[in-house]
Amino acid sequence: MAVRTEGTPCWVDAQLPDLEAGKRFYGELFGWTFDPDRDEALLRGRRVAGLVPKRDGRMPTTWTVYLATENAGTLAARIRAADGRMVMDPYPVGPFGVLALAADPGGAVFGLRQAGDDDGFAAVNEPGAFCWMEVYTRRPDAVDTFYATVFGYLGRQADPEEEGAGPDLDYRIWSPPGSRPGDDSAFGGRAVITDDFPAEMPGHVLTYFCVEDCDRACDTTVRLGGRVVAPARDTPHGRVAVLRDNQGALFAVLAEPEDGPATAPRTAPESDGTDR
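Residues numbered from 1 in each chain as written. Predicted model: local features only at pLDDT ≥ 70, side-chain atom pairs only at ≥ 80, totals over all residues. Heavy atoms only, no water.

A. Fine view of the pairing of strand 1 (residues 9-16). Counting buried positions along strand 1 yields 8 of 8 residues, so the element is predominantly enclosed. In terms of strand pairing, strand 1 meets strand 5 (residues 62-69) through 6 bridges, oriented antiparallel. Note on strand 5: the bridge partner recorded for glutamine 15 is threonine 62. (Buried < 20%, exposed > 50% of the residue type's maximum accessible area, 1.4 Å probe, protein only. Helix = DSSP H or I, 4+ residues; strand = E, 2+ residues; numbered from the N terminus. Pairing = 2+ DSSP bridges.)

B. Spatial organisation of the packing of aromatic side chains. In this structure the tally under the stated criterion is 25 aromatic pairs. Ring geometry for tyrosine 147 versus phenylalanine 151: centroids 6.2 Å apart, planes at 20°, classification stacked. Of this pair, tyrosine 147 and phenylalanine 151 both sit in helix 3 (residues 140-151), 4 residues apart, roughly one helical turn. You'll find tyrosine 147 and phenylalanine 151 in the same group, each marked buried. A centroid spacing of 5.0 Å and a plane angle of 75° characterise the contact between tyrosine 153 and phenylalanine 187, whose relative ring orientation is edge-to-face. Of this pair, tyrosine 153 sits in the loop between helix 3 and strand 10 (154-157) while phenylalanine 187 sits in the loop between strand 11 (171-175) and strand 12 (188-192), and the two are 34 residues apart along the sequence. We note that tyrosine 153, like phenylalanine 187, is buried. Feature note: the residues Phe25, Tyr26, Phe30, Trp32, Trp63, Phe209 and Phe251 constitute an aromatic cluster, connected by ring pairs. In this structure, arginine 113 is placed above the aromatic ring of tryptophan 11, and the distance from its NZ or CZ to the ring centre is 5.1 Å. (Phe/Tyr/Trp six-rings, centres within 6.5 Å; stacked < 30°, edge-to-face > 60°. Lys NZ or Arg CZ within 6 Å of the ring centre and 35° of its normal.)

What follows is the structure, encoded as structure tokens:
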């Protein structure tokens, strides 16, 4: 079993009220099949995500990104000491190892996963698989300090000109400790919730999946009962859109540019809060 660098994405799952409806939606959208014995989505037989039933109606219908750790208990203590909080303390889940849920100082919730019999993702960065995570926050300074302290993230500020954005772009690109910061090692980033977003939008983590055709993914989502939150647009790193599934879970899709693989989305298209 491969050893994953602590703090890097190793799994995603969606908590859904109707599991069978979720399987139909994502099966058609991403080409997933499903393990009959475990709540796992498969892409050509390889693990790419989990779809799990939402057992508590008070919990949000959402995608959660899990970050790798060798010891969830020790990491939970570091999170608390760095002004984060534990939403759910570490608990064993059989072959999946130990899981936990935490929140950063801006309120964005993420998971922890201490590996068990398997190692999470068996495929990433290809159509139908996870490819990026993005933390949205109203407290960028506190959040930057938190992730650097807890996980040792090596970050660099995105260049607004390179991103085709205005000079006020505030986006931090993360690479894992021990790597050289840059597109080759980047796995996610931190974006700011600006005044362009709805005032009630909380800090959150946005999960990205690769697709072959972003516009087709938008059309398929609508046909299957989902919604387009932010329409597809071109970026230097590919064409991206933000969507909701047919049960309300938010996620983003990225189609690689034709001239080569995408490196990092550098923030999803902004939404005015009105689903389209």
